[in-house]
Amino acid sequence: MNVIIFGPPGAGKGTQSSFLVKKQNMYQLSTGDLLRAELKSKSELSKKLQEIMDSGKLVSDEIINDLIEKKVSEPSKKNNIIFDGFPRNIQQAQALDAMLNKYDQAISLVLNLKVDNSILVKRISGRVSCSVCKKPFNEFFDPPGDPTKCTTKECKDRELIKRSDDNESTVSNRLKIYEESTLPLLKYYNSKGVVKNIDAMKSINEVTNQINGIILDL
Ligand code: AMP
């Protein structure tokens with residue numbers, strides 16, 4: 001089963017994907033994570049990417065579609081991918097369909113995480129995560145004991161980091177782009193009958209339960 005986890009920045013796509021990875025043994029394909037890994041290389045491309053990402057704009061479809069095809073074409077991942085942060089516009093959705101067709105795969109489910117904008121700004125600007133285990137915390141809703149350290153047993157005292165694009169000025173641009181370019185994709189996937197709506201205003205556990213219930217019913 002291939003799944004798209006869909007929703008605005010801060011909806012909890014990464015958090016819920018990591019649970020699906022554990023429970024369903026799926027592969028999480030996060031375009032944001034792949035791009036952030038590229039930034040560490042300090043290549044010419046990484047400088048351009050950093051600028052685009054810090055402004056909250058979208059990286060070119062060509063770069064993104066190349067990253068995606070490398071993963072979709074791997075036989076070990078066939079029909080077992082959670083697409084997180086992709087597709088983000090209609091061109092990417094069409095490119096994904098063509099790719100899946102080429103590798104004899106399909107999208108079975110689009111999980112639409114619905115959250116009010118008023119909450120998203122706080123969720124994003126308060127977001128920090130462990131530099132090692134990636135566990136997310138939120139300075140407003142789920143503050144770690146020491147605001148600079150991870151509290152999990154394995155990582156105790158490891159540093160918490162904040163993404164450079166998780167600040168209030170970039171957030172409004174990211175939300176605007178989501179509404180203009182990404183949200184219209186719901187119509188595209190609704191017409192294929194694969195969208196399930198999730199109330200993502202609820203607690204992390206409640207959202208996970210809604211998702212597990214939908215997957216059980218498939
Ligand atoms: P995310 O981690 O999904 O919030 O993505 C962080 C940033 O990476 C975005 O604001 C974009 O600049 C870039 N990005 C991630 N995924 C995509 C995508 N599918 N298309 C274009 N840009 C993307």
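Our structure is the block above this text.
Every value quoted in this text rests on a predicted model; they were computed, and no experiment measured them.

Undergrad: Explain the nonpolar core to me, please; I cannot follow it from the model alone.
TA: It is characteristic of soluble globular proteins that their nonpolar side chains tend to be buried jointly. One finds I4, I68, F83, L96, V110 and Y189 to be the most contacted residues of the largest nonpolar core, which totals 27 residues. Contributions of two or more residues to this core are made by β1 (3-6), α2 (31-39), α3 (44-55), α4 (61-72), β3 (81-84), α5 (90-102) and α8 (185-190). Y189 has contacts with I4, P87, A93, L96, V110, V194 and V195, leaving out every residue within four places of it along the chain. If you look at the next biggest cluster of nonpolar residues, it comprises 20 residues, including L109, L113, L120 and I198.

Undergrad: Please explain the side chain of S125 as it appears in this structure.
TA: If you trace the backbone, S125 turns up in helix α6 (residues 117-125). Residue classification places S125 among the buried residues on the basis of a relative accessible area of 10%. Only 2.7 Å separates the side chain of S125 from the backbone oxygen of V121, close enough to count as a polar contact. Discounting chain neighbours no more than four positions away, the residues touching S125 are E139, F140, K162, D166 and E168.

Undergrad: Teacher, can you tell me more about the packing of helix α1 (residues 13-24) against helix α9 (residues 204-217) here?
TA: Helices that pack against each other are described as a pair by the angle of their axes relative to one another and the distance between those axes. For the pair α1 and α9, the least separation of the axes is 11 Å and the interaxial angle reads 50°. Overall, the two elements α1 and α9 adopt an arrangement that is oblique. For the crossing formed where α1 meets α9, the hand is right-handed. Contacts from T15, Q16, F19, L20, K23 and Q24 in α1 reach I204, V207, T208, I211, N212 and I215 in α9. When the residues that make up the contact of α1 with α9 are grouped by side-chain class, the tally is six nonpolar, five polar and one charged.

Undergrad: Help me understand the environment of S60, please; the structure alone is not making it clear to me.
TA: Tracing the chain through its elements places S60 in the loop between α3 and α4. Residue S60 is classed as partly exposed on the basis of its relative accessible area of 35%.

Undergrad: What is the right way to look at the environment of K196 in this model?
TA: Assignment of secondary structure puts K196 in strand β8 (residues 195-199). Looking at K196, the relative accessible area reads 39%, which means it is partly exposed. For the pair K196 and E206, spaced 10 residues apart in sequence, the C-alpha separation works out to 15 Å. Those residues in contact with K196 that lie beyond four places of it in its chain are L109, V110, L111, N112 and I214.

Undergrad: How should the site of the ligand be read in this particular structure?
TA: Around the ligand sit 16 residues in total, of which T31, R36, K57, G85 and Q92 are the nearest. Here a nitrogen atom of the ligand and a backbone polar atom of V59 are 3.0 Å apart. With respect to the ligand, the side chain of R174 contributes an N or O atom lying 3.5 Å from an oxygen atom. Ranked by the residues each element gives to the shell around the ligand, the list is headed by α2, at four residues. Of the residues assigned to the shell around the ligand, the class counts are six nonpolar, four polar and six charged.

What counts as what
- Within each chain, residues carry numbers counting from 1 in the order of the written sequence.
- Restriction of local features to residues with pLDDT of at least 70 applies here, the model being predicted, together with a cutoff of 80 or more for giving and counting side-chain atom pairs; totals for whole chains, interfaces and linings are based on all residues.
- Neither water nor hydrogens contribute to the side-chain values; these are computed over all heavy atoms in the structure.
- By nonpolar core is meant a set of buried Ala, Val, Leu, Ile, Met, Phe, Trp, Tyr and Cys residues that side-chain atoms within 4.5 Å join together.
- Type-normalised accessible area, obtained with a 1.4 Å probe on protein chains alone, sets the label of each residue: buried when under 20%, exposed when over 50%, and partly exposed for intermediate values.
- Helix and strand assignments come from DSSP, with helices taken as H or I runs of at least 4 residues and strands as E runs of at least 2, each series counted from the N terminus.
- Working rule for contacts: check all heavy atoms of both residues, and any pair within 4.5 Å makes them a contact.
- Two N or O atoms count as a polar contact when they lie within 3.5 Å, although within protein this holds only if one can serve as hydrogen donor and the other as acceptor, and sequence-adjacent residues are included solely when both atoms are side-chain atoms.
- The angle between two axes is taken between their N-to-C directions and runs from 0 to 180 degrees, where each axis is a line fitted to C-alpha atoms and a helix contributes only its stretch in contact.
- Angles are sorted into four bins: roughly parallel if under 35 degrees, roughly antiparallel if over 145, roughly perpendicular if 65 to 115, and oblique for all others.
- Take the far helix as the reference: if the near one is turned anticlockwise from it by less than a right angle, the crossing is left-handed, and if turned clockwise, right-handed.
- Any residue that is not Ala, Val, Leu, Ile, Met, Phe, Trp, Tyr, Cys, Pro, Asp, Glu, Lys or Arg is counted as polar, Gly included; the first ten are nonpolar and the last four charged.
- The nearness test applies per residue and asks whether one of its heavy atoms lies within 4 Å of the molecule or strand.

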